[in-house]
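A closer look at the structure
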Amino acid sequence: MNILKVLFTTVVVCPECRTKSAKKYFSKISCLNHRCSKFDQQYYLENQAAPRKHGEETVYKKFDGSFEPEKVVVIRYRNYQGDDREFRADANSLQMKKNHVSVCVAPTGERLTLSRDYIQNITEVERLLPNK
Ligand SMILES: [Zn+2]
């Protein structure tokens, strides 16, 4: 780790998309929002790889209705009856399983398995998948 880089790096709110925890290194902004023009793949991956503190605590709290995704992705889903639903999901929990996407959703933290064929914004969701 480059010590100078650490010293000169500050955490800011992205001036472009207002995402918190963007990183500023001199005049360069690195944003975690993949839709933002300041999106920085490297920083995003570093952030993903960072060990989570209090991981166990989070697991126990998950199902009490106060689950708040660390990195929100809104999944627009139309079920087989044609009903539209929107799930606020945690992008960090995304997993691809054959023709399904498995993800934890707010407010319960419950893991849902959604058929990709019914996800209206599948392109956006797929971009957030690991190993993709
Ligand atoms: Zn941004």
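Computed from a prediction, not measured in an experiment: that's the story for all the values here. (Residues numbered from 1 in each chain as written. Predicted model: local features only at pLDDT ≥ 70, side-chain atom pairs only at ≥ 80, totals over all residues.)

The next point concerns the overall build of the protein chain. Counting its regular elements, the protein chain contains four helices and eight strands. Within the span of the protein chain, comprising 132 residues, buried residues form 17% of the whole. In the protein chain, 28% of the contacts between residues at least 6 apart in sequence involve partners at least 24 apart. (Helix = DSSP H or I, 4+ residues; strand = E, 2+ residues; numbered from the N terminus. Buried ≥ 20, exposed ≤ 12 C-beta atoms within 10 Å, placed from the backbone. Contact = placed C-beta atoms within 7 Å.)

Looking at the element boundaries, Y25 is found in strand 2 (residues 22-25). For Y25, a count of 15 C-beta atoms within 10 Å puts it in the partly exposed group.

Looking now at the sheet that holds strand 1 (residues 9-12). If you trace the three strands from one edge of the open sheet to the other, you get 1-2-3, paired in antiparallel fashion. Every interior strand has two partners, whereas the edge strands, strand 1 and strand 3 (28-30), have only one. If you compare each strand with its neighbour and ignore which way they point, the axes differ by 30° on average. Inspection of the sheet shows strand 2 paired to strand 3 by three bridges, in the antiparallel sense. Bridge assignment links K24 to a residue of strand 3, and that residue is I29. (Pairing = 2+ DSSP bridges. Axes fitted to C-alpha atoms, helices over the stretch in contact; angles between N-to-C directions.)

The general pattern is negative phi for most residues beyond glycine and trans for most peptide bonds. Cis geometry marks the peptide bond from A106 to P107, where omega comes out at 0°. One non-glycine residue, R18, lies in positive phi territory at about 65°. Inspection of the secondary structure assignment puts R18 in the loop between strand 1 and strand 2. In this structure R18 comes out as exposed when scored by C-beta crowding, with 11 C-beta atoms within 10 Å. Phi is positive for K98, which is not a glycine, with a value near 45°. Mapped onto the secondary structure, K98 falls in the loop between strand 6 (95-97) and strand 7 (100-105). The exposure class assigned to K98 is exposed, which follows from the 7 C-beta atoms found within 10 Å.

Okay, the pairing of strand 4 (residues 72-78) next. The two faces of strand 4 differ: V73, I75 and Y77 on one face are buried, but V72, V74, R76 and R78 on the other face are not. In this structure, strand 4 lies alongside strand 5 (residues 84-90), joined through seven bridges in antiparallel fashion. Bridge pairing in strand 5 links Y77 to R85. If you look at the hairpin formed by strand 4 and strand 5, you'll find five residues sitting between the two strands, and G82 has a positive phi there, around 85°.

Overall, the prediction assigns the protein chain a mean pLDDT of 82, with 81% of residues at 70 or greater. Element-level mean pLDDT values for the protein chain span from 43 in helix 3 (residues 55-61) up to 94 in strand 4. Contacts from residues 54-62, a stretch scored under 50 in pLDDT, to residues over four places away or in other chains number three contacts. (pLDDT = per-residue confidence, 0-100.)

Okay, the environment of L45 next. Position of L45 among the secondary structure elements: in helix 2 (residues 41-49). Residue classification places L45 among the exposed positions, given that 11 C-beta atoms sit within 10 Å. Sequence separation of L45 and P130 is 85 residues, and the distance between their C-alpha atoms is 9.5 Å.

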